[in-house]
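If you want the building blocks of each chain, they are given just below.
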Protein chains: 2
Amino acid sequence: MVRKSATGRIGIADVAVKAGVSHATVSRVMNGNFTVDPDIAARVRAAAAELKYQPNPVGRSLALGKTDTIGIVVPDLANPTFQAILRGLSRAAAQDGYRILIADTFEVSSEEAILAGEARRRCDGLVLCAPRMSDAELEEIAPSLHPLVLINRTTATAGVPSLVVDYGQGVQDLAEHLVGLGHTRLAFLAGPARSASNGLRLQGLAAFKAAHPQVEVRMLEGGSDFDTGHRAVDAVLDSGATGILAFNDLVAMGLLSGLHERGVKVPEDISVTGFDDIPFARYTTPTLTTAAVPITELGQQAWHQMRALIRKESSDVPGSRYQPRLEVRGSTGPARAARSAVHG
Amino acid sequence: MVRKSATGRIGIADVAVKAGVSHATVSRVMNGNFTVDPDIAARVRAAAAELKYQPNPVGRSLALGKTDTIGIVVPDLANPTFQAILRGLSRAAAQDGYRILIADTFEVSSEEAILAGEARRRCDGLVLCAPRMSDAELEEIAPSLHPLVLINRTTATAGVPSLVVDYGQGVQDLAEHLVGLGHTRLAFLAGPARSASNGLRLQGLAAFKAAHPQVEVRMLEGGSDFDTGHRAVDAVLDSGATGILAFNDLVAMGLLSGLHERGVKVPEDISVTGFDDIPFARYTTPTLTTAAVPITELGQQAWHQMRALIRKESSDVPGSRYQPRLEVRGSTGPARAARSAVHG
DNA sequence: GCGGGTCGAGAAAACGCTTTCTCACGAACT
DNA sequence: AGTTCGTGAGAAAGCGTTTTCTCGACCCGC
């Protein structure tokens, strides 16, 4: 006869009765409070063990005002970048006994703010990846989300650290690499139009063009997934470019696959670069030249920033900036002396 | 002057005071209880809106005895299979207003049971992916985890639906495909030794061997990631097999990459198959022949089973079995008439 | 005009825990 | 021996909701 109360689960009261003490004492023992007589503590522990008592975290959260959980808002769980952030965050947080609640906004950015708010209220803090959210909306909700850590966004709101990858520098490095190989006609296969990180890449390219006026850089519309790259084959070939900067590794892989189907040789005919260095980038054929961002580590850092915020060491959390590292592999090579359209 | 109480956040009490009613009435209004005078309801709503009141989910959970959250235990967030399950689960659950709490056991199966229990207590139910957990341990903890949905495992515990992929059938289909192409020397690049799904594949292969005594099937030790496949190149070439069944797509991709480096042509010299049909399988070179399992859909089904359990429609939840679909692509081709070791 | 029934809202209990407050008891000090 | 202090455990007050219980007021019919 163990069961009690409406829920059926055994609670602190059951242990108290069995050990012949009060709820309070059981609570003290369970929390390692040493003001309890060792004999009684032992009796309580025995009772708890026998009943297999496990404190109800909801009651505990209510009393303590904390949930030991942090939320993460991601625009698309199918994207390896966000998967990696999630992974890094989850593992780092687990080290400190925290759990992760996910909110996949599924690219419906109109709901992002509401979803973020809901997630935040269930947790002790929020990590926000919302590349499409407008700056205005972000500024509006940021204060109500504190403790908040931003990924690839910044805000004027005080006390909100940002972890941003320097996509602008990365794309410049890639472009320089291609120019170094003799390419003079480049094309950028862009990402989602209103995405923040696409904006940063465009800024980087603008800087690059200023430094290399002789190099042609065509802009091609795109997206962020395989299909984008695959569908872009014609546009890429038509452009006459010999060096293609794909928005990210996924797009590059799609493009690689499409070029292969057309019999276009990479890197002999065309050089292709990606961005992110997802694990798969080492295993494409040819292997993919890309800009490596330590994205799992970024997730981990997100937790460290969050932890500092939660512990109120928040006075000097500046956020940090990640420099992508050029990772030269097989998909880029010397430009042909002269090449006209392979196409048609 | 809005702030109140220790937490600083505004609560139901603040709204009650502002609207000049009791807590109870505010609660009724917020929950759409129509036994409230429309005028008062309007006043409450106005007050709530003005204060930007949002109910505290923790208090709500305590009172309601539910959290609107379900937990998922995964052995490795880096594995695309679990990412896909997570994604399917998360999106399906979101449709019904539920959230997902993740517990990444990070392959430390010794902690799996504890982690599962903790996750379960914070949630209304648990989806468990624990391929390495022993049957004994699973049986022991299963009852305490209800409502519970199992992925790729079964249990004798009543009321626990299982969603299992028929890996045995899948691997048989792949082997038959290779035999149909004229291959007579096959090799299986195995997965983690104690993994449940690897066991199912081995059973499938045993059945295949019984049906095709003339076909040689070598067993090669392995693992579940890129590196496994990459490192296995020598063993594969030494085996003299012309048809390789890799444990999954990741292993197959690693192998493809390793073979490419050695100048071994796929599928001319060796045919390679994967398993799972992860999105990347369409974008390898050559594209990967594999057994497609609708893994995101499986995550979605996990939610539907869970929902039935939570709503106590549980009487007849049998779980389901997924048949992989053979997906023939470029990595498999006719066996050469005669081939001795390319190697050395 | 008055009792029974209904309706609507406030008071209070419940959810399961933590923590402060309170008090009884024993030890130590004068 | 009497007073004080410290110690340890129980009582009770939160934490923020929901929901039952209760009761006043109002409407209706007799």
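Residues numbered from 1 in each chain as written. Chains lettered and ligands numbered in written order. Predicted model: local features only at pLDDT ≥ 70, side-chain atom pairs only at ≥ 80, totals over all residues. Heavy atoms only, no water.

1. As for the overall build of chain A
Okay, step 1: Helix and strand counts for chain A come out as 13 helices and 12 strands.
Okay, step 2: For 344 residues, the compact-globule formula gives about 20 Å, and the C-alpha radius of gyration of chain A, at 27 Å, lies well above that figure.
Okay, step 3: In terms of principal-axis extent, the alpha carbons of chain A reach across some 90 × 40 × 35 Å.
Okay, step 4: A total of 344 residues make up chain A; the buried ones form 56% of that total.
Okay, step 5: Counting contacts in chain A only where the partners sit at least 6 residues apart, residues at least 24 apart contribute 69% of the total.
Okay, step 6: A total accessible area of about 14800 Å² is found for chain A, and carbon and sulfur atoms account for 52% of it. (Helix = DSSP H or I, 4+ residues; strand = E, 2+ residues; numbered from the N terminus. Rg over C-alpha atoms; globule rule 2.2 N^0.38 Å. Buried < 20%, exposed > 50% of the residue type's maximum accessible area, 1.4 Å probe, protein only. Contact = heavy atoms within 4.5 Å. Areas by Shrake-Rupley, 256 points an atom, 1.4 Å probe, with all protein chains shown as cover.)

2. Focus on the interface of chain B and chain A
Okay, step 1: Every contact between the two is made by 43 residues of chain B and, on the other side, 43 residues of chain A.
Okay, step 2: Summed over both partners, the interface of chain B with chain A comes to about 4100 Å²; 63% of that surface belongs to carbon and sulfur atoms.
Okay, step 3: The interface formed by chain B and chain A includes six salt bridges.
Okay, step 4: A salt bridge links D76(B) to R91(A), with the shortest nitrogen-to-oxygen separation between them at 2.9 Å.
Okay, step 5: Secondary structure elements with two or more residues in the side of chain B that touches chain A: α4 (57-64), α5 (80-95), β2 (99-104), α6 (112-122), α10 (226-231) and α12 (249-261) of chain B.
Okay, step 6: Looking at chain direction, strand β2 (residues 99-104) of chain A and β2(B) are connected through three bridges and run antiparallel. Residue pairing in the sheet places I102(A) in a bridge with I100(B) of β2(B). (Buried area = accessible area lost by both parts, 1.4 Å probe. Salt bridge = Lys/Arg side-chain N within 4 Å of Asp/Glu carboxyl O. Pairing = 2+ DSSP bridges.)

3. Points about the pattern of salt bridges
Okay, step 1: Going through the model one piece at a time under the given rule, you end up with 30 salt bridges over all chains.
Okay, step 2: Between E216(A) and R218(A) there is a salt bridge; the shortest N-O distance is 3.6 Å.
Okay, step 3: Among the residues examined, E216(A) registers a relative accessible area of 29% and is labelled partly exposed.
Okay, step 4: Across the pair R153(B) and D135(B) runs a salt bridge whose closest N-O atoms are separated by 2.8 Å. Linking R153(B) in the loop between β4 (148-151) and β5 (162-165) with D135(B) in helix α7 (residues 135-145), this pair joins segments that are 18 residues apart in sequence.

4. Quick word on the packing of helix α4 (residues 57-64) of chain A against α4(B)
Packed helices, taken two at a time, are described by the angle between their axes plus the distance between the axes.
Okay, step 1: Contact geometry for α4(A) and α4(B): axes closest at 9 Å, N-to-C directions at 140°. When the axis of α4(A) is compared with that of α4(B), the two are oblique. Between α4(A) and α4(B) lies a crossing whose hand is left-handed. When α4(A) is examined against α4(B), the residues V58(A), G59(A), S61(A) and L62(A) are found in contact with a partner set consisting of V58(B), G59(B), S61(B) and L62(B).
Okay, step 2: When its residues are assigned to classes, the contact of α4(A) with α4(B) shows four nonpolar, four polar and no charged. (Axes fitted to C-alpha atoms, helices over the stretch in contact; angles between N-to-C directions. Parallel < 35°, antiparallel > 145°, perpendicular 65-115°, else oblique. Left-handed = near helix turned anticlockwise from the far one by under 90°. Nonpolar A, V, L, I, M, F, W, Y, C, P; charged D, E, K, R; others polar.)

5. Notes on the environment of G254(A)
Okay, step 1: Residue placement: G254(A) occurs in helix α12 (residues 249-262).
Okay, step 2: Along the primary structure G254(A) and V233(A) are separated by 21 residues, whereas in three dimensions their C-alpha atoms are 8.9 Å apart.

6. Here we look at the domain arrangement of chain A
Residue and element names in this part refer to chain A.
Okay, step 1: What the domain assignment lists for chain A is domain 1 (12-55), domain 2 (67-160 + 295-324) and domain 3 (167-289).
Okay, step 2: Summarising the inter-unit geometry, the C-alpha centres of domain 2 and domain 3 are found 29 Å apart.
Okay, step 3: With nine residues of domain 2 in contact, the opposing surface of domain 3 contributes 12 residues.
Okay, step 4: At the boundary of domain 2 with domain 3, total buried surface from both sides reaches about 940 Å², with 54% on carbon and sulfur atoms.
Okay, step 5: Among the residues of domain 2 in contact with domain 3, R132, N152 and P324 are the three that bury the most area, contributing 46% of the side total.
Okay, step 6: Applying the counting rule to domain 2 against domain 3 returns zero salt bridges.
Okay, step 7: In terms of residue class, the side of domain 2 that touches domain 3 is built from three nonpolar, four polar and two charged. (Domains from an automatic or database assignment.)

7. Brief notes about helix α7 (residues 135-145) of chain A
All names here are of chain A.
Okay, step 1: Within α7, burial applies to L138, I141, A142 and L145. Projection of α7 onto a plane perpendicular to its axis shows the buried side chains occupying an angular sector of 130°, all on one side. Residues of α7 that are exposed and angled more than 90 degrees away from the buried face: A136 and E140.
Okay, step 2: Of the surrounding secondary structure, the elements contacted by the buried residues of α7 are α6 (112-122), β3 (126-128) and β4 (148-151). (Arc of directions from axis to C-beta.)

8. Description of the nonpolar core
Okay, step 1: Core analysis: the largest hydrophobic core is formed by 132 residues, its most contacted members being V272(A) and V272(B).
Okay, step 2: If we skip the residues at most four places from it in the chain, V272(A) touches I244(A), A252(A), L255(A), L256(A), L259(A), V266(A), L288(A), T289(A), S331(A) and T332(A). (Core = buried A, V, L, I, M, F, W, Y, C linked by side-chain atoms within 4.5 Å.)

9. Structural notes on the relation of the copies chain B and chain A
Relating one copy of the chain to the other takes a rotation about an axis and a shift parallel to that axis.
Okay, step 1: At an RMSD of 0.1 Å, chain B and chain A line up after a rotation of 180° and a shift of 0.0 Å along the axis. Read as a symmetry element, the transformation amounts to a two-fold axis. Among all residues of chain B, the one whose C-alpha sits closest to the rotation axis is L101(B), at a distance of 2.2 Å. (Least-squares fit on C-alpha atoms with pLDDT ≥ 70 in both.)

10. Structural notes on the sheet that holds β5(B)
Okay, step 1: The sheet built from 12 strands is open, its strands ordered β11(A)-β5(A)-β4(A)-β3(A)-β1(A)-β2(A)-β2(B)-β1(B)-β3(B)-β4(B)-β5(B)-β11(B) with mixed pairing. If you trace the sheet from one side to the other, it starts and ends with β11 (320-322) of chain A together with β11 (320-322) of chain B, each paired once. Ignoring which end each strand starts from, the neighbouring axes of this sheet average 20° apart.
Okay, step 2: Its contacts with the sheet place α6(B) against β1 (69-74) and β2 of chain A together with β1 (69-74), β2 and β3 (126-128) of chain B, and it is angled at close to 155° to β3(B).

11. A word on the sheet that holds strand β6 (residues 185-189) of chain A
All names here are of chain A.
Okay, step 1: In space, the four strands of this open sheet follow the order β7-β6-β8-β9, with parallel pairing throughout. Two strands in the sheet have a free side with no partner beyond their single neighbour: β7 (216-220) and β9 (271-273). Averaged over neighbouring strand pairs, the angle between their axes works out to 20° when direction is ignored.
Okay, step 2: Inspection of the sheet shows β6 paired to strand β8 (residues 243-246) by four bridges, in the parallel sense. Within the sheet, the bridge partner assigned to L186 lies in β8 and is G243.
Okay, step 3: Across the sheet, helix α8 (residues 167-180) lies against β6, β8 and β9, angled at about 165° from β8, the strand it touches most.

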